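Residues per chain are reported as follows:
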Amino acid sequence: MGRAVDDLAAQLAALRLEHAQTRRALLEAEERLGFLHELATIARMAPDANALLRASLTLLGQKLGVSRCVYGELDPDEDRIFVAQDYCDGCASIVGEHRLSSFGPRFASALRSGKEPFVVTDVHEEFPEVEAKVFAAIELRSVVACALIRHGKLRALMSVNHNAPRLWSKHEVSLVQETVERCWSAIEQRAAESRLRE
C-alpha cells in the first residue's frame, strides 16, 4: 500500500511539473505573438527607416528590460559598424562608428560566422581582462548579439546589452533574432520602394 501511495504521489508531482512547463510555454508563446504583432505594426506604420528602427529598438529594449538595444550596419570590410540608433535606459548612447575587432577576436569571429547568437552572461567572467575593459567602457556587462548574414557577408547586427550580469533565456534570445531579421527586411523593403519611386 505504501509503495502504491508513493507511486501515485510521484505521478501527481510529474503531472504538476508538466502542467507548469506547458503553462509557461504557452505564456511565452502568447507574449512572443503579441511582441511580433507590435513589431509588424511598427514596420507598417513607421514613416521611414529611421522611425522604424527607433520604435523597434525601443519596443525590444523595454520588452526585455535592458540597458541598451543597438542596431548597426557594417561596412563591406565587416569591421566598421555604423550605429545610427540605439535605445538606452540608464546608460550612455553608443551612436557612432565602432570597430568590431576592438571587442576582441571571439566576439568578432562569432558575429562574422553568424551561426549562433552571441550570448554572454558576464563579460568580466567570460572574457580576458583587456577585452572586458572594452565592454566596460561602453557600460556593457552582459549581451545578446545577433548577426545578419546576407550573401555570406556580415551586413548588420542587433545587440541587447545590460549593465549588470544577466542570464538570458532562450525566449529572449529568439526575440532578438526575430527582431533583427524583421527590421532588416522592413528596411530593405523601404529602400526598394524608394528606388522604385525615383
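(A) Structural detail: the pairing of strand β1 (residues 68-74). Taking burial as the measure, the seven residues of β1 include six buried ones, the bulk of the element. Relative to strand β2 (residues 80-88), β1 runs antiparallel, the two being bridged by seven bridges. Directly across from G72, in β2, lies its bridge partner V83. Where β1 folds back onto β2 in an antiparallel hairpin, the turn is made up of five residues, including E78, whose phi is positive at roughly 60°. Two strands pair when backbone bridges link them, and β1 and strand β6 (residues 153-162) are joined in this way by six bridges, in the antiparallel orientation. From the neighbouring strand, Y71 faces β6, where its bridge partner is M158.

(B) Representation of the sheet that holds β6 within the structure. Taken in spatial order, the six strands make up an open sheet running β3-β2-β1-β6-β5-β4, and their pairing is antiparallel. The open sheet has two edge strands, β3 (96-99) and β4 (118-120), and neither has a second partner. Adjacent strand axes in the sheet meet at a mean angle of 25°, parallel and antiparallel pairs treated alike. Against the sheet, helix α3 (residues 105-113) touches β4, β5 (142-150) and β6, its axis set at about 40° to β5. Against the sheet, helix α6 (residues 170-197) engages β1, β4, β5 and β6, with an angle of about 40° to β5.

(C) Fine view of the confidence of the model for the protein. With 95% of its residues at a pLDDT of at least 70, the protein reaches an overall mean of 87. Of all helices and strands in the protein, the one with the weakest mean pLDDT is helix α1 (residues 2-45) (76), whereas β4 scores best (95).

(D) Molecular detail of α3. Burial in α3 covers these residues: F107, A108, A110 and L111. Projected down its long axis, α3 shows its buried positions confined to an angular sector of 165°, all on one face. In this structure, the buried residues of α3 make contact with β4, α5 (129-137), β5 and β6. Positive backbone phi, approximately 65°, marks G114, located one or two places after α3.

(E) Structural view of the side chain of E172. As for its position among the elements, E172 is in helix α6. A distance of 2.9 Å separates a polar side-chain atom of E172 from the backbone nitrogen of S169. Leaving out residues up to four positions away in the same chain, E172 has contacts with L64, R166 and L167.

(F) The packing of helix α2 (residues 49-64) against α6, seen in detail. One way to put it is that α2 packs onto α6 with a least axis distance of 10 Å and a crossing angle of 170°. With respect to their mutual orientation, α2 and α6 come out roughly antiparallel. Along its contact with α2, which presents A49, L52, L53, S56, L60, K63 and L64, the element α6 presents E172, L175, V176, T179, C183, A186, I187 and R190. For the contact of α2 with α6, the per-class residue count stands at 10 nonpolar, two polar and three charged.

(G) Expanded view of the nonpolar core. Grouped together as the largest cluster of nonpolar side chains are 31 residues, with contacts concentrated most on L60, Y71, M158, V160 and V176. Elements with a contribution of two residues or more to this core: α1, α2, β1, β5, β6 and α6. Here this core takes eight residues from α6, the largest share from any one element. When near neighbours in sequence (up to four residues on either side) are disregarded, V176 contacts L60, L64, V144, C146, M158 and V160. Listed in part, the 24 residues of the second largest apolar core include L74, I94, A110 and L154.

(H) Focus on the environment of A147. Along the chain, the position of A147 falls in strand β5. On the accessibility criterion, A147 (18% relative accessible area) is buried. Excluding residues that lie within four positions of it along the chain, A147 makes contacts with L111, G114, L154, A156 and L157.

(I) Region of the structure containing the pattern of salt bridges. A complete count under the given rule lists 11 salt bridges for this structure. The partner of K63 in a salt bridge is E31, and the shortest N-O contact between them spans 3.3 Å. Placement of the pair is K63 in helix α2 and E31 in helix α1, with a sequence separation of 32 residues. Looking at E31, the relative accessible area reads 40%, which means it is partly exposed.

Conventions used here
- Residues numbered from 1 in each chain as written.
- Predicted model: local features only at pLDDT ≥ 70, side-chain atom pairs only at ≥ 80, totals over all residues.
- Heavy atoms only, no water.
- Buried < 20%, exposed > 50% of the residue type's maximum accessible area, 1.4 Å probe, protein only.
- Helix = DSSP H or I, 4+ residues; strand = E, 2+ residues; numbered from the N terminus.
- Pairing = 2+ DSSP bridges.
- Axes fitted to C-alpha atoms, helices over the stretch in contact; angles between N-to-C directions.
- Contact = heavy atoms within 4.5 Å.
- pLDDT = per-residue confidence, 0-100.
- Arc of directions from axis to C-beta.
- Polar contact = N/O pair within 3.5 Å; in protein donor to acceptor, adjacent residues only side chain to side chain.
- Parallel < 35°, antiparallel > 145°, perpendicular 65-115°, else oblique.
- Nonpolar A, V, L, I, M, F, W, Y, C, P; charged D, E, K, R; others polar.
- Core = buried A, V, L, I, M, F, W, Y, C linked by side-chain atoms within 4.5 Å.
- Salt bridge = Lys/Arg side-chain N within 4 Å of Asp/Glu carboxyl O.

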